[in-house]
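# Structural overview
Each chain, letter by letter, is given below.
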Amino acid sequence: MRADRLVATLLLMQARGRVTAAEVASELEVSVATARRDLEALSAAGVPVYPQPGRGGGWSLVGGARTDLTGLTSTEARALFLLAGPAASVAPPVRSALRKLVRALPDTFRADAEAAADAVVVDSTGWGDRNRVRPALVDTLQDAVVRRRKISLEYENRAHQRTRRVVEPWGLVDKDDVWYLVAGTEKGQRTFRVDRIGEMTVTDEVAERPADFDLSREWERVVDEVEQHRSLLSATLLISTRLVPVLRDRFGRHCEPLDTREDGRVRVRVAAPMAVSIAQELAGWGAIVEVLEPDSVKAELARLGSELVERYAQR
């Protein structure tokens, strides 16, 4: 993960004094573009890492070659450990790297750095939710991405159709504990849910990744496409002001308050792929929510209400 790489990059610079992006890429088994982005991220975060252009240049830590990281200010050290600390709570290699880095810091900074590393814990499990298990394939896929190796996998789509294909793994994304693989295929870039991957083998064939590929940018594009599909139909509702946050929790970014009526209720627009999807979310609200439009959502609510009355009304 990135926090691990950032710490490893700093340790590498501590040992060598000056490095090039190509050297970092070779040492950490990442692309030159990834190494350059990591170096730029450290610099942008306030860590005293700076580039030296021209022949014999590279990236250096303020303080010169073989620095003991005394170039870090107390504030910079806290910033670095706040960045890496949450990842260390779930990744033993990051904990190990942080321990090594703490020993490289000046004595006066160590207490603040250790406190910053322990200041944040990331708990991605919602109240009442069960603990989600990280798919066993994630570690294997991460290794394939880093080592640039093609993988042969069996994949089951939403229609439960299974196919076998060879892909070039370009990156992994963890979205709310659901993992996705972004990969190159014969038909171009594709995204696969890791929990739908069946039998998988890492081959010895070298995987090529486009030089201009940026995982964060590509994932934003994927999210935009999915969210557009999830908001094909919109409905306008009236609901009490105090319940708007609850409604927003159900519909997320597809819940937009519009205006407040004289009776105190708020007019809200929500969206989903189909009328039945909206109706199913609202059915449990009963008369608390009033649907103004469209008629298709009203019809679905009426149908759901009739089914419930038919099944549960006292005879």
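Residues numbered from 1 in each chain as written. Predicted model: local features only at pLDDT ≥ 70, side-chain atom pairs only at ≥ 80, totals over all residues. Heavy atoms only, no water.

### Regarding the overall build of the chain
A tally of helices and strands in the chain yields 11 helices and 12 strands. Counting across all 315 residues of the chain, residues that qualify as buried make up 37%. Taking contacts inside the chain between residues at least 6 apart in sequence as the whole, the part at least 24 apart equals 60%. Accessible area for the chain stands at about 18500 Å²; split by element, carbon and sulfur atoms hold 49% of it. (Helix = DSSP H or I, 4+ residues; strand = E, 2+ residues; numbered from the N terminus. Buried < 20%, exposed > 50% of the residue type's maximum accessible area, 1.4 Å probe, protein only. Contact = heavy atoms within 4.5 Å. Areas by Shrake-Rupley, 256 points an atom, 1.4 Å probe, with all protein chains shown as cover.)

### A word on the packing of aromatic side chains
According to the stated counting rule, one finds 3 aromatic pairs in the structure shown. When the centroid spacing of 5.0 Å and the interplanar angle of 80 degrees are considered together, the rings of Tyr 155 and Phe 192 count as edge-to-face. Taken together, the positions of Tyr 155 in strand 4 (residues 149–156) and Phe 192 in strand 7 (residues 188–193) put the pair 37 residues apart, joining distant regions of the chain. In terms of burial, Tyr 155 and Phe 192 fall into one category: buried. (Phe/Tyr/Trp six-rings, centres within 6.5 Å; stacked < 30°, edge-to-face > 60°.)

### Quick look at the layout of surface pockets
Approximately 990 Å³ is the volume found for the second largest pocket. Arg 158, Tyr 180, Arg 193, Arg 196 and Val 226 are the residues nearest the centre of the second largest pocket, which is lined by 26 residues in total. Secondary-structure elements contributing two or more residues to the lining of the second largest pocket are strand 5 (162–175), strand 6 (178–185), strand 7 and helix 8 (215–230). In terms of residue count, the dominant contributor to the lining of the second largest pocket is helix 8 (9 residues). Split into classes, the residues belonging to the lining of the second largest pocket amount to 8 nonpolar, 6 polar and 12 charged. (1 Å grid on protein atoms, 1.4 Å probe; cavity = no way out; pocket = protein on both sides within 12 Å on 5 of 7 lines; lining within 4 Å. Points joined across faces, edges and corners; volume = space filled by probe spheres on them. Nonpolar A, V, L, I, M, F, W, Y, C, P; charged D, E, K, R; others polar.)

### Thoughts on the sheet that holds strand 10 (residues 255–260)
Taken in spatial order, the 4 strands make up an open sheet running 10-11-9-12, and their pairing is antiparallel. On the outer flanks of this sheet lie strand 10 and strand 12 (290–293), each paired with one strand and no other. The average angle at which neighbouring strand axes cross in this sheet is 30 degrees, direction not considered. Against the sheet, helix 9 (residues 244–251) makes contact with strand 9 (233–240), strand 10 and strand 11 (265–272), and its axis sits at roughly 5 degrees relative to strand 11, the strand it touches most. (Pairing = 2+ DSSP bridges. Axes fitted to C-alpha atoms, helices over the stretch in contact; angles between N-to-C directions.)

### Concerning the sheet that holds strand 2 (residues 49–52)
Spatial ordering of the open sheet is given by 1-3-2, a layout of 3 strands whose pairing is antiparallel. Two strands lie at the open edges of the sheet, namely strand 1 (18–19) and strand 2, each paired on one side alone. Two strands pair when backbone bridges link them, and strand 2 and strand 3 (residues 58–61) are joined in this way by 4 bridges, in the antiparallel orientation. Paired with Pro 51 across the bridge in strand 3 is Trp 59.

Such coordinate-based values are descriptive only and should not be taken to indicate function.
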